[in-house]
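# Summary of structural features
Listed below are the residues making up each chain.
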Amino acid sequence: MFATYLIGLREGLEATLVVSILVAFLVKSQRRDRLPQVWAGVGLAVALSVLFGWLIEYTSTSLLARSEDRELFEAITSVAAVVFVTWMIFWMRKAARTIAGELRGKLTEALAVGSLAVAGMAFLAVIREGLETALIFYSAAQGAAGDSGPLLALIGGIVTAVVLGVLLYASALKINLSKFFTWTGALLILVAAGILKYGVHDFQEAGVLPGLGDLAFDITTTLDPSTWYAALLAGMFNVTPAPTVLETIAWIGYAVPVLVLFLRPSRRTPASTAATAAPAASSEPAAAATSEPTTPASTTVTERGADTGAEAEAASAPQRA
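Here's a quick rundown of the structure.

Reading the values: the criteria
Residue positions are counted from 1 within each chain, in the order its sequence is given. Predicted model: local features are reported for residues with pLDDT of at least 70 only, side-chain atom pairs are reported and counted for 80 or more only, and whole-chain, interface and lining totals are derived from all residues. Here the side-chain values reflect all heavy atoms present in the structure, with hydrogen atoms and water set aside. For the purposes of this entry, the term helix denotes a DSSP run of H or I that reaches at least four residues, the term strand denotes a run of E that reaches at least two, and both are numbered from the N terminus. In this scheme, a residue with accessible area under 20% of its type's maximum is buried, one over 50% is exposed, and one in between is partly exposed, where area comes from a 1.4 Å probe on protein chains only. Pairs of residues are marked as contacts when any of their non-hydrogen atoms sit within 4.5 Å. Residue types Ala, Val, Leu, Ile, Met, Phe, Trp, Tyr and Cys, when buried and joined through side-chain atoms within 4.5 Å, form a set referred to as a nonpolar core. Working rule for helices: expected span equals 1.5 Å times residues minus one. At every residue, the bend is computed as the angle between two fitted axes, covering the seven residues ending there and the seven beginning there respectively. For every element, the axis is a line fit to its C-alpha atoms; helices are fit only across the contacting stretch, and the angle between N-to-C directions ranges from 0 to 180 degrees. Angle categories: roughly parallel below 35 degrees, roughly antiparallel above 145, roughly perpendicular from 65 to 115, and oblique for all the rest. Ten residues, namely Ala, Val, Leu, Ile, Met, Phe, Trp, Tyr, Cys and Pro, are considered nonpolar, four, namely Asp, Glu, Lys and Arg, are considered charged, and the remaining ones, Gly among them, are considered polar. Pairs of N or O atoms within 3.5 Å make up the polar contacts considered here, provided that, within protein, one atom can donate a hydrogen while the other can accept it, and that residues adjacent in sequence are counted only when both atoms are side-chain atoms. Pairing of aromatic rings covers Phe, Tyr and Trp, the last through its six-membered ring, and needs centres within 6.5 Å; plane angles under 30 degrees mean stacked, over 60 mean edge-to-face, and all others mean tilted. Only Lys NZ and Arg CZ are tested; either one counts as a charge over a ring when it is within 6 Å of the ring centre and within 35 degrees of the ring normal. What the arc measures is the spread of directions leading from the helix axis to the C-beta atoms. By convention in these notes, a salt bridge is any Lys or Arg side-chain nitrogen within 4 Å of a carboxyl oxygen on Asp or Glu.

## Concerning the overall build of the protein
The secondary structure content of the protein amounts to 10 helices and 0 strands. Along the protein, helices and strands appear, N-terminal first, in the series α-α-α-α-α-α-α-α-α-α. Across the 321 residues of the protein, 45% fall into the buried class. Of the contacts made within the protein by residues no fewer than 6 positions apart, 80% connect residues no fewer than 24 positions apart.

## Describing the nonpolar core
It is characteristic of soluble globular proteins that their nonpolar side chains tend to be buried jointly. Judged by nonpolar contacts, the single largest core of 31 residues is most densely connected at L188 and Y254. Broken down by secondary-structure element, the contributors of at least two residues to this core are helix 1 (2-28), helix 3 (67-113), helix 4 (115-140), helix 6 (177-205), helix 7 (228-237) and helix 8 (245-263). With residues up to four places along the chain from it excluded, the contact list for Y254 reads V82, T86, I189, A192, A193 and L196. With 25 residues, the next largest nonpolar core counts V18, L26, L35 and I127 among its residues.

## Description of helix 4
Since one α-helical turn is 3.6 residues long, residues separated by three or four positions face the same way. Along its 26 residues, helix 4 runs 37 Å from first to last C-alpha, staying within 8% of the 38 Å computed at 1.5 Å per residue. Along its length, helix 4 shows its largest kink, about 30°, at V126.

## Remarks on the packing of helix 1 against helix 4
Two elements in contact, helix 1 and helix 4, have axes whose closest approach is 10 Å; the angle formed by their N-to-C orientations is 180°. It follows that helix 1 is roughly antiparallel to helix 4 by the angle criterion. The residues of helix 4 that touch helix 1, namely those facing T4, I7, E11, E14, A15, V18, V19 and L22, are M121, A122, A125, V126, E129, E132, T133, I136, F137 and A140. A class-by-class count of the residues in the contact of helix 1 with helix 4 yields 12 nonpolar, 2 polar and 4 charged.

## Looking at the environment of A81
Mapping A81 onto the fold places it in helix 3. Measuring from C-alpha to C-alpha, the distance between A81 and A192 comes to 7.7 Å, with 111 residues separating the pair along the chain. Those residues within four positions of A81 in sequence are excluded, and the remaining contacts are L135, I136, S139 and I195.

## Some details on the side chain of E129
With respect to the secondary-structure elements, E129 resides in helix 4. Taking relative accessible area as the criterion, E129 reaches 2% and is therefore assigned buried. A distance of 2.6 Å separates a polar atom in the side chain of E129 from a polar atom in the side chain of R128. Once residues within four sequence positions are removed from consideration, E129 is found in contact with E11, E14 and A15.

## A closer look at the packing of aromatic side chains
Within the structure shown, the criterion is met by 5 aromatic pairs. The interplanar angle of 20° and the centroid separation of 5.8 Å between the aromatic rings of W87 and W91 together place this pair among those described as stacked. One end of the pair is W87 and the other is W91, both in helix 3 and 4 residues apart, which spans about a single turn. Take W87: its relative accessible area is 40%, and that puts it in the partly exposed class. When its relative accessible area of 24% is taken as the criterion, W91 is described as partly exposed. Lying across the ring of W91, R128 places its NZ or CZ 4.4 Å from the centre.

## A few points about helix 5 (residues 149-169)
An ideal rise of 1.5 Å per residue puts 30 Å on 21 residues; helix 5 measures up with 30 Å between its terminal C-alpha atoms. Among the residues making up helix 5, those that are buried are G149, P150, A153, L154, G157, A161, L164, G165 and L168. Seen end-on, helix 5 carries its buried residues on one side only, within an arc spanning 150°. Phi turns positive one or two residues past the end of helix 5, at S171, with a value near 60°.

## Overview of unusual backbone geometry
Residue Q30 is not a glycine yet carries a positive backbone phi of 60°. Looking at the element boundaries, Q30 is found in the loop between helix 1 and helix 2 (35-63). If you check the backbone angles, N238 has positive phi at about 55° while not being a glycine. The residue N238 is located in the loop between helix 7 and helix 8 in this model.

## Brief notes about the environment of L72
Checked against the element boundaries, L72 lands in helix 3. Residue class for L72 comes out partly exposed when judged on its relative accessible area of 30%. Considering only alpha carbons, one finds L72 and G199, 127 residues apart in sequence, at a separation of 8.6 Å. Here L72 is in contact with F203, A206 and V208, once residues within four sequence places are set aside.

## Concerning the pattern of salt bridges
Under the criterion given, the structure shown has 7 salt bridges. Across the salt bridge formed by R66 and D69, the nearest N and O atoms sit 3.0 Å from each other. Given a relative accessible area of 26%, D69 falls into the partly exposed group. In this structure, R128 engages E132 in a salt bridge whose closest nitrogen and oxygen atoms are separated by 3.3 Å. With R128 and E132 both in helix 4 and 4 residues apart, this pair spans about one turn of that helix. When salt bridges with common partners are traced through the structure, they connect R31, D33 and R34 into a single cluster.

Geometric values such as these leave the question of function open.
Here's what the structure looks like:
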């Protein structure tokens, strides 16, 4: 359940920060009359995301009669979820610095067009997070049929994200968003590795991939599946005591290189290096000339105003671990 809580928290906070950027811009621009259109677009995006999640579940449980077809469908959705997770964490790492400015620019253009454009802009800003959440949740919660725990954990993560977003917006909370997105991103990579491993197992059960009976190892006597810690590892990262060879290769082959790429420090450009080495012409510290902000206190939410939490998202994205 922790995996689905983490999915809801991470995706929910991203969506909440996007909405806070839009709301803060309208409030500061004295365009509160357009707020209903923003909330209408957000509401429609949430409704369609829930519908998409239901459609995936309905397809798997009702439309596909043969077990082989269901296994194949679950395998495909697992691979798609892994692609979305990987793209999402690296996109947030790269684009979060400029997302606030880009959203404000698009909203300015939408305000010039009309109310439908404002609602559409808010809808498009949120729907991506919603569809990703539905797909990733379905893939992460496979094997928990009839158990409401994963769904409740997802809702709990989303509610936590909304509360954090509101507190950030109201300047009532300080969070180092750089560290938050780095740690949650690393954990989501391990969750994605488990989803990929599950997808490979489904491909094997569907007969698409061989080796269903070829075990890489069997430590059932050491890692008893009935124990709480074995259930925790299986639920969070799909670590099982008797995986197949292909499952193990998939887990390690994804988790290790992606974690290395995600956690490695970003390279400085030659221009920023030269600027750092040059003598300071003012009283500003040399670190201000680099392409990266200092991490500890400077990336926490300290500004006051309506868009504090939203601006922190743009100023503290995880450019480096």
